[in-house]
Amino acid sequence: MAEINVQEILNLFQKIGVNPHYEPLHKEFESEHFPADVQEYLNIMSDHVSFHVTPSGTALTYLMSQREIISEYQCEENLPIIRNKCLIIGSCANGDYLCLDLETRLLVYVFHDILWEDPDEDFSEMCIRTDLTLHELLQMAINSRNYPYDAHAAEDYMNR
């Protein structure tokens, strides 16, 4: 199992001029008993962070603030993600979700269209599990536009 390298994420944020401040875990998450590294990541997400923002204002990769993560966690439409021990931490320009597998700490992309149109579909059919940690993805996003920025790109990345 990988761990979330929060210090490395903070270093990468500083590289792009983002200086998040510590925010205690919101009461909505206190009863969830997330692992310590997941809680530490949530603590630094006081605000959202966007990568590769288009002229129209859409980010290829959008990391949600702790408040936004809570909102997605409480959304009934996202139960297939939650039931499969994943936490939505961001979104992609096309609406796909960027999730963190709470057991492996690796990234999972969820095809939003399958999730919304056929929520009873087997979870393995609506997601792409990657071998990437969050800090590895952010490193790729900072250095290039050629990185898994949605579920289709993640599928291509994993089939490389």
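Every chain is numbered on its own, with residues counted from 1 as its sequence reads. Per-residue local features of the predicted model are confined to residues with pLDDT of at least 70, and side-chain atom pairs are confined, for both listing and counting, to 80 or more; whole-chain, interface and lining totals are unaffected and use all residues. Just so you know, side-chain values use all the structure's heavy atoms and leave hydrogens and water out.

1. Re the overall build of the chain
Now for step 1: Working definition: helices are DSSP H or I runs of at least four residues, strands are E runs of at least two. Numbering for both runs from the N terminus. Counting its secondary structure elements, the chain contains nine helices and six strands.
Now for step 2: Principal axes of the C-alpha set define a box for the chain whose edges measure 40 × 40 × 35 Å.
Now for step 3: Relative accessibility under 20% of the residue-type maximum defines a buried residue, over 50% an exposed one, and the middle range a partly exposed one, all with a 1.4 Å probe and only protein chains included. Across the 160 residues in the chain, those meeting the buried criterion constitute 48%.
Now for step 4: Throughout, a residue-residue contact means that at least one pair of heavy atoms, one from each residue, lies within 4.5 Å. Here the analysis covers contacts within the chain between residues at least 6 apart in sequence; of these, 54% occur between residues at least 24 apart.
Now for step 5: The Shrake-Rupley method, run with a 1.4 Å probe, gives the accessible areas here. Residue values count only the displayed protein chains as cover. When the accessible area of the chain is evaluated, it comes to approximately 8,100 Å², of which 46% is carbon and sulfur surface.
Now for step 6: Working convention for charge: Lys and Arg count positive, Asp and Glu count negative, and His plus the chain ends are omitted. By convention, the charge on Lys lies at NZ, on Arg at CZ, on Asp at CG and on Glu at CD. Taking the average location of the 9 positive side-chain charges in the chain and that of its 28 negative ones, the two points are 5 Å from each other.

2. Considerations on unusual backbone geometry
Now for step 1: One non-glycine residue with positive phi stands out, namely K85, at about 55°.
Now for step 2: Considering the arrangement of structural elements, one finds K85 in the loop between α5 (79-83) and β3 (86-92).
Now for step 3: Located in the positive-phi region is R105, a residue other than glycine, with phi close to 65°.
Now for step 4: Position of R105 among the secondary structure elements: in the loop between β4 (97-101) and β5 (107-110).

3. Here we look at the packing of helix α1 (residues 6-15) against helix α3 (residues 36-44)
Now for step 1: Between α1 and α3, the shortest axis-to-axis distance is 10 Å and the interhelical angle comes to 25°. Here α1 lies roughly parallel to α3, going by the angle between them. As α1 packs across α3, the resulting crossing turns out to be right-handed. Facing V6, I9, L10 and F13 of α1, the residues of α3 in contact are D37, E40, Y41 and I44.
Now for step 2: Put simply, Ala, Val, Leu, Ile, Met, Phe, Trp, Tyr, Cys and Pro go in the nonpolar bin, Asp, Glu, Lys and Arg in the charged bin, and everything else, Gly too, in the polar bin. Tallied by class, the residues present in the contact of α1 with α3 amount to six nonpolar, no polar and two charged. Structural elements are reduced to axes, namely lines fitted to C-alpha atoms, with helices fitted over the stretch in contact, and the angle between N-to-C directions of any two is expressed from 0 to 180 degrees. The scheme is simple: roughly parallel for angles under 35 degrees, roughly antiparallel for over 145, roughly perpendicular for 65 to 115, oblique for anything else. Left-handed describes a crossing whose near helix is turned anticlockwise from the far helix through less than a right angle; right-handed describes the clockwise counterpart.

4. A word on the sheet that holds strand β2 (residues 59-63)
Now for step 1: Note on pairing: DSSP must find at least two bridges between two strands before they are called paired. Taken together, six strands build an open sheet; the order of strands is β1-β2-β3-β4-β5-β6 and the sheet is antiparallel. Two strands bound the open sheet, and with one partner strand each, they are β1 (49-53) and β6 (127-129). Averaged over neighbouring strand pairs, the angle between their axes works out to 25° when direction is ignored.
Now for step 2: Pairing of β5 with β6, which is carried by three bridges, proceeds in the antiparallel orientation. Bridge assignment links Y109 to a residue of β6, and that residue is I128.

Such coordinate-based values are descriptive only and should not be taken to indicate function.
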